Amino acid sequence: MPEIPVRAFLSSLVAIRKTGSGYEVLLLKRTQSLAGEWCQVAGSIEDGETAWQAALRELKEETGLAPLSLYSADICEQFYVAERDEIVLSPVFVAFVSPSGTVSLNHEHSEYRWVSFEDAMEMVPFGGQRRILRWIEDEFVRRKPGRHLLIRTD
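For the structure given in this document, a descriptive report is provided here.

Basis of the calculations
Residues numbered from 1 in each chain as written. Predicted model: local features only at pLDDT ≥ 70, side-chain atom pairs only at ≥ 80, totals over all residues. Heavy atoms only, no water. Helix = DSSP H or I, 4+ residues; strand = E, 2+ residues; numbered from the N terminus. Buried < 20%, exposed > 50% of the residue type's maximum accessible area, 1.4 Å probe, protein only. Salt bridge = Lys/Arg side-chain N within 4 Å of Asp/Glu carboxyl O. Polar contact = N/O pair within 3.5 Å; in protein donor to acceptor, adjacent residues only side chain to side chain. Contact = heavy atoms within 4.5 Å.

With respect to unusual backbone geometry
In this structure, Asp74 is a non-glycine residue whose phi angle is positive, near 65°. Secondary-structure assignment places Asp74 in strand 6 (residues 69-81). The residue Asp85 is not glycine, and still its phi comes out positive at about 50°. The topology assignment puts Asp85 in the loop between strand 6 and strand 7 (86-97). A relative accessible area of 34% means that Asp85 is categorised as partly exposed.

A few points about the pattern of salt bridges
With the rule as written, the count across this model stands at 12 salt bridges. Among the salt bridges present, the one from Glu86 reaches Arg7, with a minimum N-O distance of 3.3 Å. Here Glu86 is found in strand 7, whereas its partner Arg7 is found in strand 1 (residues 6-7), with 79 residues between them in sequence. Classification of Glu86 as buried rests on a relative accessible area of 5%. The exposure class assigned to Arg7 is partly exposed, which follows from its relative accessible area of 35%. The partner of Arg57 in a salt bridge is Glu46, and the shortest N-O contact between them spans 3.5 Å. Here Arg57, found in helix 1 (residues 51-63), pairs with Glu46, found in the loop between strand 5 (41-44) and helix 1; they are 11 residues apart in sequence, far enough to count as distant. Overall, Arg57 belongs to the buried group, its relative accessible area being 15%. A single network of salt bridges, built from pairs that share partners, joins Glu46, Glu49, Arg57, Glu58 and Glu61.

Concerning the side chain of Asn106
Considering the arrangement of structural elements, one finds Asn106 in the loop between strand 7 and strand 8 (109-115). Among the residues examined, Asn106 registers a relative accessible area of 17% and is labelled buried. Within the local environment of Asn106, its side chain forms a polar contact with the backbone oxygen of Glu61, the two atoms lying 3.2 Å apart. Reaching out from Asn106, the side chain makes a polar contact with the side chain of Glu108 at a distance of 3.0 Å. If we skip the residues at most four places from it in the chain, Asn106 touches Glu61 and Glu62.

Shown next as structure tokens:
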């Protein structure tokens, strides 16, 4: 019986900041794969890294930001890649960042925006991203995240 491979080699991170008007999500406009699309921080897990370490590294490389706190989002992004006939799973993390943090983009992105969850859901291209944003808004903004999801990075 033929099988479709399932690969987990990416890490995904949603950066959130709290402002006087509420919570905002950071979206980045991609310049390479998915060029022109708005997405969250994401990238490959390198040899010797855990998924959360890759998410932290990608946050630093792509935005220059460091988290005030980091959580497992308790959800995975999943999508099918037709060219390779494979399913990709990517663990998702949530980083709360300082509202005064300065974003410094690398070459992978042409611009960034801090937007409401509602606006973010209109900007991202995939239903899976919208499901993740809804989940994070419900579980990390409307509720206090569970202490067991907190990742100690020190």
